[in-house]
Amino acid sequence: CTSSPTSNVPIADASSTTWNGSSWSNGTPNASKNIIIASSSGAPFAANLTGCALTINTGVTATVPSGVTLTITNAVTTNGQLIFENNASLVQTTNASNSGAIEYRRISSPMKNFDYTYWSSPVWGDGTVVPKQTAKNLSPNTLADKYFRFSGSANDWVFDDAEMIPGVGFIIRVPKPGIYGAPYPETVVMPYAQPVAFKGIPNNGDYTFGVGANQYNLIGNPY
């Protein structure tokens with residue numbers, strides 16, 4: 001004999017909490033809960049948050065406002081779009097491997113004509129699914145010969161508009177004053193606080209690169 005079925009009983013996943021556009025499904029995130037962003041509506045990252053891992057669902061855009069720090073223990077997985085505004089931060093506490101691209105926005109200090117800003121990339125690209133983060137696409141309206149890194153072996157600045165290797169510092173000159181159209185619209189008036197956007201997979205883990213004895217090098221925070 002078969003027994004009659006009982007009413008449906010929802011089973012909650014205590015290890016995660018999902019943002020549905022207005023609230024969290026399982027309470028505010030903490031270090032023991034995976035964070036899942038399932039809606040572009042609302043403000044899931046209005047204040048500092050800590051999570052076990054983070055997933056942005058397909059088709060979803062989430063923004064971390066200026067001044068907010070997102071601390072994630074394990075991996076960040078971006079199937080949609082995750083934007084960090086100027087002075088927002090991503091901190092990861094283990095060497096987990098991330099997947100999917102984020103957009104990490106920054107604004108330089110005000111510059112005058114001929115000034116340079118020192119930059120180091122917090123993201124990378126595989127060159128296939130995610131484009132590589134290069135000095136050229138960070139500031140595309142800079143004059144074509146004004147991207148440099150310092151070579152310890154040559155003891156001099158060397159031109160480099162290619163991939164920004166984690167931990168390596170670059171200097172990029174401010175674009176000349178003017179109004180730039182498509183594909184990189186930008187209006188440059190001095191003094192100019194230049195907005196830039198690093199786009200790629202968030203750097204995480206340990207990074208090393210070789211330097212010679214008694215050499216100067218320009219290094220930068222890779223995160």
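Residues numbered from 1 in each chain as written. Predicted model: local features only at pLDDT ≥ 70, side-chain atom pairs only at ≥ 80, totals over all residues. Heavy atoms only, no water.

Some words on the overall build of the chain
On a plain count of helices and strands, the chain comes out with one helix and 18 strands. Across its three principal directions, the C-alpha atoms of the chain cover 85 × 45 × 30 Å. By residue count, 41% of the 223 residues in the chain fall in the buried class. Element-wise, carbon and sulfur atoms account for 54% of the exposed surface of the chain, whose accessible area totals about 11800 Å². (Helix = DSSP H or I, 4+ residues; strand = E, 2+ residues; numbered from the N terminus. Buried < 20%, exposed > 50% of the residue type's maximum accessible area, 1.4 Å probe, protein only. Areas by Shrake-Rupley, 256 points an atom, 1.4 Å probe, with all protein chains shown as cover.)

Here we look at the pattern of salt bridges
In total, this model carries five salt bridges according to the counting rule given. Across the salt bridge formed by Glu85 and Arg105, the nearest N and O atoms sit 3.2 Å from each other. A residue pair is termed long-range when its members are at least 10 positions apart, and Glu85 in the loop between strand S8 (81–84) and strand S9 (89–92) and Arg105 in strand S10 (residues 102–107) qualify at 20 residues. A relative accessible area of 28% places Arg105 in the partly exposed class. For Asp145, the salt bridge goes to Lys146, with nearest N and O atoms at 3.8 Å. When its relative accessible area of 44% is taken as the criterion, Asp145 is described as partly exposed. What you see here is one network of salt bridges that share partners, running through Glu85, Glu103 and Arg105. (Salt bridge = Lys/Arg side-chain N within 4 Å of Asp/Glu carboxyl O.)

A word on the pairing of S10
Across two bridges, S8 lies against S10 in parallel orientation. Bridging across to S10, Ile83 finds its partner in Glu103. Relative to strand S18 (residues 195–202), S10 runs antiparallel, the two sharing six bridges. Residue Arg106 lies in a different strand from S18, and its bridge partner there is Val196. (Pairing = 2+ DSSP bridges.)

Focus on the sheet that holds strand S7 (residues 76–78)
Here we have four strands laid out as an open sheet, ordered S1-S2-S4-S7, and parallel in their pairing. Edge positions in the open sheet fall to strand S1 (16–19) and S7, since each of these has one partner strand only. On average, each strand axis in the sheet is tilted by 10 degrees relative to the strand beside it, whichever way the strands run. Looking at chain direction, strand S2 (residues 34–37) and strand S4 (residues 54–56) are connected through three bridges and run parallel. Following the sheet pairing, Ile35 is matched in S4 by Leu54. (Axes fitted to C-alpha atoms, helices over the stretch in contact; angles between N-to-C directions.)

Focus: the sheet that holds strand S11 (residues 116–119)
Reading across the sheet, the four strands line up as S11-S15-S13-S14 and stay open at both edges, with antiparallel pairing between neighbours. The open sheet terminates on both sides in strands that have one partner only, identified here as S11 and strand S14 (156–159). Across this sheet, the average inter-strand angle for adjacent strands is 35 degrees, counted without regard to direction. As defined by bridge partners, strand S13 (residues 147–151) adjoins strand S15 (residues 170–173) across two bridges and the pair is classed as antiparallel.

A look at unusual backbone geometry
Each neighbour pair has its own omega, and for Ala182 with Pro183 the value is 10 degrees, a cis peptide bond. Tracing the chain through its elements places Pro183 in the loop between strand S16 (178–180) and strand S17 (186–188). The omega torsion of the bond from Met190 to Pro191 falls at -5 degrees, within 30 degrees of zero and hence cis. Inspection of the secondary structure puts Pro191 in the loop between S17 and S18. In the Ramachandran plot, Asn87 falls in the positive-phi region, its phi being about 75 degrees despite a non-glycine side chain. Relative to the helices and strands, Asn87 is located in the loop between S8 and S9.

Concerning the pairing of S18
The buried count for S18 comes to six of eight residues, which makes it a mostly enclosed element. The sheet contact formed by strand S12 (residues 123–124) and S18 spans two bridges and is antiparallel. Within S18, the residue paired with Trp124 across the bridge is Ile201.

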